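Overview (structure and organization)
Here are the chains, one letter per residue:
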Amino acid sequence: MSTLTMEKKTHFAEPIKNMSDSKKKPSIAKISTNNVNVFYGDNKVIKDVSIEIQEKSVTAFIGPSGCGKSTFLRLFNRMNDYIETFRKEGDICIDGKDIYGKKVMVEELRKMVGMVFQKPNPFPKSIYENVAFGLRIQGIKKRAVLDEAVEHSLRQAALWEEVKDQLNKSALALSGGQQQRVCIARALAVGPSVLLMDEPASALDPIATSKVEELIHQLKEKYTIVIVTHNMQQAGRVSDKTAFFYLGNLVEFDKTKKIFTNPKQELTERYITGRFG
Amino acid sequence: MTNVQINRLKDQAFKYTGIFCTLIGIVLLAIFTGSILMDGLSRIDWQFLTSLPSRRAEKAGILTAWSGTLWIFGLTALISIPIGVAAGIYLEEYSKKGRLSSILEVNITNLAGVPSVIYGILGLAIFVRTLHFGGSLLAGSFTLSLLILPIIIVSTREAIKAVPSSLREASFGMGATKWQTISYQVLPAAGGGIATGIILALSRAIGEAAPLIVIGALAYVPFVAKTPMDDFTVLPIQIFNWVSRPDPAFLVNAAAGIIILLGITFLMNGIAVWLRHRWQKKMNW
Amino acid sequence: MKISEKIIEGGLFSSAVITILTTIGIIWVLLSQSLVFFKDVSIWEFLTSTEWTPLFTKKSYGILPLISGTMLTTLIAVAIALPLGLCIAIYLSEYAPRKFRDIFKPMLEVLAAVPTVVYGFFALTVVTPFLKNIFPEIDTFNALSAGLVMGVMIIPMVSSLSEDALFAVPKSLREASYGMGATRLQTSFKVLVPAASSGIIVSVILAFARAIGETMIVAIAAGQMPNLTANPLAAVETITAYIVQVSLGDVAHGSIEYRTIFAAGLTLFAMTFVLNNVSFFIRKKYQEKYD
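The structure displayed is predicted, hence computed values, not measured ones.

Our focus in this paragraph is the overall build of chain A. Helix and strand content of chain A: 12 helices and 10 strands. Of all 277 residues assigned to chain A, the portion counted as buried reaches 54%. A separation of at least 24 residues holds for 68% of the contacts in chain A among residues at least 6 apart in sequence. Accessible area of chain A: about 12800 Å², with a carbon and sulfur share of 51%.

See the structure below:
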């Protein structure tokens, strides 16, 4: 344990800064963070993380449990706001705008930044009402508009053909994989440009998992996707870039291929090869 | 305004509605307690506490009422605590999951919801008439004991449930019998929770008027009860009696009686909350 | 097993059995006395006649006025306690800072601990005079005043049980709703209340049963006038108030007037029994759903 902490201190402060300087892409980042720290009470759980996420790409956050990757993901739609002891420092921008700015309305932000959770969490309502929920809370009542949005979202979530004849059935009656796709459709229905996924397949069986992964591939064409995963094979399969977190630090952030074949940091390599975690 | 702004406004509006709703009951109670204190506090003096009831409001006192309440408190505690705690122990530690235990459970839930006046009718038929206790303290205490048994049983069960099973296993592992385990380990650990339930139940009992009126407790009792077989009155009945009189001078007496009754109720509830708080802290080992 | 252990178990068991004997006792007493009563008065008259005057010279035994009086005060009470209790439950579980909740929840529960005779005094001496300012035609004893005060009394019942039900809704549903950009209000009413509906219904049924069986408030403030009316400003008599009225009077033991309290009691018991059982089975079902 003590050797690990030593390594942390000596190794990764520099390379990250170098990377953000030299490897900046010409296109503007969709999401960018600048020296972000997060505290729960006195606990510092995210330590000075700066990252830039490109538009219409899939970025995976990996790392052992408790490394802060979920907390970091939840910064992007301000889901941490509900934790009473939560406090953050540093800037987080989406499309160049500070999402923690005073004038930002959290409800507007969340329409733009959808989220899919670890366990499928459909509301105990019909499939239709689940997908239409986000529109209804915005005050949309026209049946035709809702119908169209529900169909479109379910098609995008590759679920339409399976459920089109049973839209009024309770979403809880579906299989776990279908439920998760309902949740994805529900998130898509409000027209986000970013989709956050917090271990979206960890509660699913392998077949359902591969369906969700396939879906992520298709959604990449239109959405910026950030996915937290425990499963490194999954990160390898679905993501363009991968960020490795450890003890609240961003250890390494690079093209997924690079991370998995030739990581810069010894810590990353040890985690990838399963020597701890 | 955009939809989001409207929704936010509604959200804020509800927040203040919620605060208002939460406080309104408490504020009403505070105003009411205050007005009663204004009406009745000056009436409370040594004469009021030590006088027998009277037809003249200014001469009447609550000696028989509070002594009756004390009697009822003591006798009801003697009867209900052992039975209630024993039943709670049986249901939580002995009874096996099955038909009988589920009948017992439904039955206790049901009893907890039976109106108190029905217990009065039961007491009237069983204790007053069949067992010939008459409208005595004993009949009243038995009636109230049946009324609060479900409360004591349920809180005993909850308290025992909160005792970690590791404690039982440790005791059994040292060769203790079931009853030794319960009496030396489980009950002391659950004691705070059980005591809380008992105090709340007894506080309910001394606030009851309806069942005692039905079994024939009298409003006018010109002597202090000496034995459990004596006739009696209690504070709530005395208050009810004074409230029902047309002469407003008796309303002042009622207010004064209410101050005493509320004082006892709040004190008991305060003790119960404090005990529960202390016990819950202890249980979070 | 030692013999002493057996004896102890037997003692504990017989304590538990007392609760069953209590129920049997209640049913037996009510039924046996009511049967005697129904030998003199036909059940048909009891259930359909619209006048209740057993204590008058011209006797009539129709329970309907007592039932209507009971329902009137109860409905007023629930109409107060349901919206207030639900708002409190939502506020405390979804909005309130922890400290606020820790302080005010126990204070609310004190409302349920206040002896009901005290509430009766409150209704008669504070609420009724206040109502008289608004409705000059109101009777000194009236259903409205008693119902309103009874409503305040049962608020903590609705708020506590509803809050428990809201609390039991999985956190993931809240996150899903917030994640879609819903406000706390939208999350509460569109997601949490529907998901907790069975628990909330249980709380309302139990509050309803409590109000039906409440005695002293109505005996003091609602009057002792059997009155088949839906007018909340009029004096009425509830079943419970009638039982108290007879108990306070000089009714000869064994007379038909005496037995009316058993018939009235049986009616009251039947109403609360049904409500309690319905709530018990809803609760059982809904517990299984979340476990």
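Using the criterion set out here, one finds 28 salt bridges over all chains in the structure. Between A:Arg155 and A:Glu151 there is a salt bridge whose closest N-O contact spans 2.7 Å. Placement of the pair is A:Arg155 and A:Glu151 together in helix α6 (residues 143-156), with a separation of 4 residues, close to one helical turn. For A:Arg155, a relative accessible area of 44% translates into the label partly exposed. Its relative accessible area of 27% is what places A:Glu151 among the partly exposed residues. A salt bridge links C:Arg184 to B:Asp11, with the shortest nitrogen-to-oxygen separation between them at 3.2 Å.

What follows deals with the pairing of strand β7 (residues 194-198) of chain A. Residue and element names in this part refer to chain A. Buried residues dominate β7, accounting for 5 of its 5 residues. Residues Val194, Leu196 and Asp198 point to one face of β7 and Leu195 and Met197 to the other, with burial holding for every one of them. As defined by bridge partners, strand β6 (residues 113-116) adjoins β7 across 4 bridges and the pair is classed as parallel. Looking across to β7, one finds that methionine 115 is bridged to leucine 196. Pairing analysis gives 5 bridges linking β7 to strand β8 (residues 224-228), with the strands arranged parallel. Of the residues in β8, the one forming a bridge with leucine 196 is valine 226.

All names here are of chain A. Spatial ordering of the open sheet is given by β6-β7-β8-β3-β9-β10, a layout of 6 strands whose pairing is mixed. For this open sheet the edge positions go to β6 and β10 (249-255), each flanked by a neighbour on one side alone. Across the sheet, the axes of successive neighbouring strands diverge by a mean angle of 15 degrees, strand direction being ignored. Running over the sheet, helix α8 (residues 176-189) touches β6 and β7 and is turned about 170 degrees from β6.

What follows concerns the interface of chain C and chain B. Between chain C and chain B, the contact holds 70 residues from the first and 73 residues from the second. A buried area of about 6500 Å², summed over both sides, lies between chain C and chain B, and 80% of it is on carbon and sulfur atoms. Where chain C touches chain B, the interface holds 2 salt bridges. The closest approach of N and O atoms between B:Glu105 and C:Lys284, which form a salt bridge, is 3.5 Å. Linking chain C to chain B there are 12 residue pairs in polar contact (both at pLDDT 80 or more). In terms of residues, the side of chain C that touches chain B owes the most to one element, helix α1 (residues 3-40) of chain C, which gives 16 residues. Counted by class, the side of chain C that touches chain B contains 47 nonpolar, 17 polar and 6 charged residues.

Calculation rules
- Residues numbered from 1 in each chain as written.
- Chains lettered and ligands numbered in written order.
- Predicted model: local features only at pLDDT ≥ 70, side-chain atom pairs only at ≥ 80, totals over all residues.
- Heavy atoms only, no water.
- Helix = DSSP H or I, 4+ residues; strand = E, 2+ residues; numbered from the N terminus.
- Buried < 20%, exposed > 50% of the residue type's maximum accessible area, 1.4 Å probe, protein only.
- Contact = heavy atoms within 4.5 Å.
- Areas by Shrake-Rupley, 256 points an atom, 1.4 Å probe, with all protein chains shown as cover.
- Salt bridge = Lys/Arg side-chain N within 4 Å of Asp/Glu carboxyl O.
- Pairing = 2+ DSSP bridges.
- Axes fitted to C-alpha atoms, helices over the stretch in contact; angles between N-to-C directions.
- Buried area = accessible area lost by both parts, 1.4 Å probe.
- Polar contact = N/O pair within 3.5 Å; in protein donor to acceptor, adjacent residues only side chain to side chain.
- Nonpolar A, V, L, I, M, F, W, Y, C, P; charged D, E, K, R; others polar.

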